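# Topology and contacts: notes
One letter stands for each residue in the lines below.
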Amino acid sequence: MMELGWLLLLLIGLLAALLFRQWRELTVRRLELSRQLEKREALVAQFRQEIDGTSGELEQITNTMDTVDATLEELREELDNLDKERKALRERRLQPLVLLDRQTLNAQHFWELTVSNPDFGETATARMAPSDYVDDWVSGRVYLVGADTAEEATKRATQRFSASMGYRVLGAVAFRRR
């Protein structure tokens, strides 16, 4: 029986040694996992910090892009307006300048007047004339008139193009070389 007691004590000792060994291995493994977890938590915190910083930068970039988009839209509108002005100037330059009479050649001051006849398209002459000619009269032709004042230039043009015949003499502007 004694042998059995020793054997039992030996088995209990072996079992205790095995349990202690497993406990020690589990404790070491737990410590390793705790360290790895701490490292990963530190990495997660670092990534969150970087993400927060990146989010702020992204917001700044988005605001900058919105500002750039608004500026681009303004510039597009301005470019469209400039194109319209350029086309108007080109059309104005293409429009011929007509001398009112020979006296204009001797004048010291020159004025540009627009003479139009909105009803010209309904006349018998218009039915036989080219459409460009009719359009010129309806929209207005620019005349160069020699006179000392704008009023005098308007008066001279009105004498030649009577309002009773449907003509309109518009705005005398000082002549500038084209």
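A brief look at the structure comes next. (Residues numbered from 1 in each chain as written. Predicted model: local features only at pLDDT ≥ 70, side-chain atom pairs only at ≥ 80, totals over all residues. Heavy atoms only, no water.)

## Some remarks on helix H4 (residues 150-160)
Of the positions making up H4, those classed as buried are Ala-150, Ala-153, Arg-156 and Ala-157. All buried residues of H4 project into a common sector of 125° when viewed along the axis, lining one side. Facing away from the buried side of H4 by more than 90 degrees, the exposed set consists of Glu-151, Lys-155 and Gln-159. In this structure, the buried residues of H4 make contact with strand E2 (110-116), strand E3 (141-146) and strand E4 (168-174). (Buried < 20%, exposed > 50% of the residue type's maximum accessible area, 1.4 Å probe, protein only. Helix = DSSP H or I, 4+ residues; strand = E, 2+ residues; numbered from the N terminus. Arc of directions from axis to C-beta. Contact = heavy atoms within 4.5 Å.)

## Observations regarding the pairing of E2
Taken across its seven residues, E2 has five buried, putting it largely inside the fold. Relative to E3, E2 runs antiparallel, the two being bridged by six bridges. Across the sheet, residue Thr-114 finds its bridge partner in E3, namely Val-142. In the sheet, E2 pairs with E4 via five bridges, with the strands oriented antiparallel. (Pairing = 2+ DSSP bridges.)

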